[in-house]
Amino acid sequence: MSSLRIRAALPRTAACVVLAILMVIGSAHAETKPTIAKDARLAGDHERTRFIADLSRKVDVHVFALASPYRVIVDAPDVSFQMPDGIGKEKRGLITAYRYGLFAPGKSRIVIDVAGPFLIDKAFVLEPRDDQPARLVVDLVPTDEKTFQAKLKETKPPEEATPAALPMPPAPVRAPNAKPVIVLDPGHGGIDPGTSSADGVTEKTVVLAFAKTLKAKLEATGRYDVYLTREDDTFLPLRERVEFAQKRGANLFLSIHADYFPQAPEKATGATVYTLSEEASDNEAKELATKENFSDALAGVALPSDSDEVVANILIDLAQRETQNRSTVFARSIVGELAGNLHTKKMRSAGFRVLKAPDVPSVLLELGFLSNPDDEKHLVSDDWRDRMSNSLAEAIDGYFAKRIARAPF
Ligand code: ZN
């Protein structure tokens, strides 16, 4: 797992949006205690915008730019973020927002959103001095699109030179009497909190708690092998969630999320079950897929280019019809079991990247709305989690009972 996750931080193919490694700075001295980031702020204006973070000591940082959308990524080993609440939403000069968190085990990341093409003019870490903490400083200046792109290309790392098609991971060979494999995928994590309620309850936390409860229930039946794509507050890119399921030969993949719809906090309530489709069932489903698909960009992962998508789509077409049928059967099974806990539009579809394994029946479940006060109470309640996961375990039992009666799952 750790090699999988760490790979996400590395540039993958030339077809990816170009990653530019601009500088590696700081001392090479490794220490065991994590560095603490206590505060951050912005300074300057549109001509020069400065990002400053206060650190408990000097660390090695790796600063680079990403395009589509414009971002600066600051990677550092083992930083514990103890920032004041609500930080990162202010806009100043070229910077529109920033966020921070765990990106992979032992690897912390700050992502700074930038309004337009820019250059990293300076990036350095100052030693602590007198009563001043150590400070990370990143200076951005505006540029034109051509210069921005040229700079990215110029500093392109060598391993990006030859794009390699990502091979489909082979499904493991399985014993004839093996148990069905279920992969539960708590959405978001680490640097990507997902959505959050007005009081700061985050999607990444509630979905992880739910997935753990459901895993325990399914395992207790003795009928399934169950895996979680993430076990803690770590970020995992969407593609690696899909690959995780494929590598384990999953017979079922359930991605677990919570939604937010502030336009109608009273009306938008209950769970919704989503399957994959090229054409979204409706505009809200389409918007939701865009929001969920944005997870990678938010965390500073270089997204595959269009050509990667074309290859992926061909593979998907070959295998997907049967998988899609099974996904729909599973989605209906969930709808049947959740009855009173559902949103009015209980089954919908859209282009969710995390559901794109051509060979694994996959469903995305939005447990409820963090924008609705009643749903929020449910989402943090042990009691509700217990009841809801019982219903889901029933839905999963129902799905496999049908499948096993017919043929191999
Ligand atoms: Zn989500």
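Here the structure is a predicted model, which means the values were calculated and not measured.

Comments concerning the overall build of the chain
- Scanning the chain from N- to C-terminus turns up nine helices and 16 strands.
- The buried share of the chain, reckoned over its 409 residues, is 51%.
- Residue pairs in contact within the chain that sit at least 24 positions apart in sequence constitute 79% of those at least 6 positions apart.
- When the accessible surface of the chain is totalled, it reaches about 18500 Å², and 54% of it is carbon and sulfur.

A look at the coordination of the zinc ion
- Coordination of the zinc ion by the protein is provided by His188 (NE2), Glu203 (OE), His257 (ND1), Glu292 (OE) and Glu292 (OE), with metal-donor distances spanning 2.0 to 2.4 Å.
- In the primary structure, the donors to the zinc ion are separated according to the pattern H-x14-E-x53-H-x34-E. In this pair, Glu203 sits in helix 3 (residues 203-220) while Glu292 sits in helix 5 (residues 283-293), placing the two residues 89 residues apart along the sequence. Taken individually, Glu203 and Glu292 each receive the classification buried, so the pair is uniform in this respect.

Brief notes about the confidence of the model for the chain
- On average, residues of the chain score 84 in pLDDT, and 81% of them reach the 70 mark or higher.
- Throughout residues 1-31 the model reports pLDDT below 50, and contacts reaching past four residues in sequence, or to other chains, amount to 108 contacts.

What to know about the pattern of salt bridges
- Across all of its chains, the model carries 20 salt bridges by this definition.
- A salt bridge links Glu219 to Lys215; the shortest N-O distance between them is 3.2 Å. Of this pair, Glu219 and Lys215 are both found in helix 3, four residues apart, which corresponds to roughly one turn of the helix.
- Of the residues examined, Glu219 reaches a relative accessible area of 38% and is grouped as partly exposed.
- According to the relative accessible area criterion, Lys215 is buried, its value standing at 18%.

As for the pairing of strand 12 (residues 225-228)
- Side chains Val226 and Leu228 project from strand 12 onto a buried face, and the interleaved Asp225 and Tyr227 project onto a face without burial.
- With four bridges joining them, strand 11 (residues 181-186) and strand 12 adopt parallel strand pairing. Following the sheet pairing, Val183 is matched in strand 12 by Tyr227.
- In terms of handedness, the path from strand 11 via helix 3 over to strand 12 forms a crossover that is right-handed.

So, how was this worked out
Residues numbered from 1 in each chain as written. Predicted model: local features only at pLDDT ≥ 70, side-chain atom pairs only at ≥ 80, totals over all residues. Heavy atoms only, no water. Helix = DSSP H or I, 4+ residues; strand = E, 2+ residues; numbered from the N terminus. Buried < 20%, exposed > 50% of the residue type's maximum accessible area, 1.4 Å probe, protein only. Contact = heavy atoms within 4.5 Å. Areas by Shrake-Rupley, 256 points an atom, 1.4 Å probe, with all protein chains shown as cover. Donors = N, O, S within 2.8 Å, 3.2 Å for Na, K, Ca; no water. pLDDT = per-residue confidence, 0-100. Salt bridge = Lys/Arg side-chain N within 4 Å of Asp/Glu carboxyl O. Pairing = 2+ DSSP bridges. Right-handed = clockwise from strand over helix to strand, strands pointing away.

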